[in-house]
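In case you want the letters, here they are:
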Amino acid sequence: MSRRLSFSEAWDLVRSREDVLDTGVTERELGEAVAHGRLRRVHRGAYVDGEVWDQLWPEGRQLVRVCAVRRASLGGGPVFSHLSAAALWGLPLVGPIRDDVHTAIRSRRHSRTEAGVVRHQMALDEGDIVRRHGLRCTSLIRTVVDLARLLRPEAVVAAGDAALRMVSIDGHEVDHGEVDAWRAEVDRLCVAGLRGVRRARWIGAFADGRAQLPGESVSRLQLHRLGFRDIDLQIPVVGPDGARYFADFGFPRSQAFGEFDGEDKYRDAELRTTAADAVMAEKHREDEIRGVTGWRVVRWGSSHIRTPEDLGRRLAAFGIRPPG
């Protein structure tokens, strides 16, 4: 079962060739362990237990590779960028993600890939480089801009929403001043003429920190593609006993709430204890919301947000359609 991974856990997972051999394993046995998947080679001379590797989400795998590259680097280490900086910031990585580690270089050489490390030739100001967990990486906003120029829209929205949430959301309260500052900084970094800068400007305007899970972010994108413009996020509802609930999406024209039921809600120990507890809690929550508001509650999952059409069919089955 997949799970989240902290930086310290990722750092401790990486074992050097010497570490493995010091346990009494021979060179031949090391090679066999890699060939049979018992060990996973994540960088030159760096290994992770294969069973643990198989349980990691893409963010965790990228974080492990970042740790392996840093361990093998001299001096202050590289400046991690793009997907690698995203992993250090704890941003979600949605969709097919390559295993390459990404770093920034300020030389005149063109970007290149060597030994699983992509070195991007980048013009960085001093403020674009920060330390995260003691490693150098691009700043949070610079990382989002770079991701916007590299990834597909679904991944960009998930990362952008998460980044904006980090700086502008406290509980369910939105700091609109921080939102405005975040958007202004994205605009500042979007230098005309750069490849992908149009998408970077778009994510600066489209990002919404109220989306709490990557699946909610992708849902938001698909709803926008379908033509929905009157939906709201994290709508507060006070239950009959005074409990406060928040619905993921609101469709006022249809008098309905929308709820994204991703696997994350049921397998992430930070959010729920067991699947059974999650199902019972969600049922009680839905009954309370429906009873107080009289609105319907429509649910969808990861299989419904693969395309706008998939989500559109799901909503249409409950009589929810975009305006026009």
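This is a predicted model, so every value here is computed, not measured.

Caption draft 1: Structural view of the environment of Gly171. Topologically, Gly171 is positioned in the loop between β10 (169-170) and β11 (173-174). We classify Gly171 as exposed; its relative accessible area is 55%.

Caption draft 2: Inspection of the packing of aromatic side chains at higher detail. Applying the stated criterion across every chain yields a total of 5 aromatic pairs. Between the aromatic rings of Phe7 and Trp11, the centroid separation amounts to 6.0 Å while the plane-to-plane angle is 35 degrees, which identifies the pairing as tilted. Separated by 4 residues within a single helix, Phe7 and Trp11 lie in helix α1 (residues 7-13), roughly one turn from each other. Note on Phe257 and Trp295: the rings are 4.8 Å apart at their centroids and 35 degrees apart in plane angle, and the pair reads as tilted. Here Phe257, found in strand β14 (residues 256-260), pairs with Trp295, found in the loop between α13 (275-293) and β15 (296-300); they are 38 residues apart in sequence, far enough to count as distant. With relative accessibility at 4%, the residue Phe257 sits in the buried group.

Caption draft 3: Fine view of the state of the cysteines. In total, this model carries 0 disulfides according to the counting rule given. Here Cys137 stays free of any disulfide, with the sulfur of Cys67 as its closest cysteine sulfur at 12 Å. Using a relative accessible area of 0% as the deciding quantity, one classes Cys137 as buried.

Caption draft 4: Main features of a negative patch on the surface. Judged by side-chain charge, Asp170, Glu173, Asp175 and Glu178 come together as a negatively charged surface patch. Within the fold, Asp175 resides in the loop between β11 and α9 (176-189). Residue classification places Asp175 among the partly exposed residues on the basis of a relative accessible area of 39%.

Caption draft 5: Region of the structure containing the environment of Arg17. Along the chain, the position of Arg17 falls in helix α2 (residues 17-21). For Arg17, a relative accessible area of 28% translates into the label partly exposed. Between the C-alpha atoms of Arg17 and Glu27, which are 10 residues apart in sequence, the distance is 9.1 Å. Dropping the residues within four chain positions of it, Arg17 is found in contact with Glu27, Leu30, Gly45 and Tyr47. Within the structure, Arg17 has its side chain in polar contact with the side chain of Tyr47 (distance 2.9 Å).

Caption draft 6: Broad picture of the side chain of Glu286. Along the chain, the position of Glu286 falls in helix α13. According to the relative accessible area criterion, Glu286 is buried, its value standing at 14%. Here Arg290 takes part through its side chain, which lies 2.8 Å from a polar atom of the side chain of Glu286. Aside from chain neighbours lying at most four places away, what touches Glu286 is Val297 and Arg299.

Parameters and conventions
- Residues numbered from 1 in each chain as written.
- Predicted model: local features only at pLDDT ≥ 70, side-chain atom pairs only at ≥ 80, totals over all residues.
- Heavy atoms only, no water.
- Helix = DSSP H or I, 4+ residues; strand = E, 2+ residues; numbered from the N terminus.
- Buried < 20%, exposed > 50% of the residue type's maximum accessible area, 1.4 Å probe, protein only.
- Phe/Tyr/Trp six-rings, centres within 6.5 Å; stacked < 30°, edge-to-face > 60°.
- Disulfide = S-S within 2.5 Å.
- Patch = residues over 30% accessible without salt bridge, like charges linked within 9 Å, V, L, I, M, F, W, Y side chains within 5 Å.
- Areas by Shrake-Rupley, 256 points an atom, 1.4 Å probe, with all protein chains shown as cover.
- Salt bridge = Lys/Arg side-chain N within 4 Å of Asp/Glu carboxyl O.
- Lys, Arg positive; Asp, Glu negative; His and termini not counted.
- Charge placed at Lys NZ, Arg CZ, Asp CG, Glu CD.
- Contact = heavy atoms within 4.5 Å.
- Polar contact = N/O pair within 3.5 Å; in protein donor to acceptor, adjacent residues only side chain to side chain.

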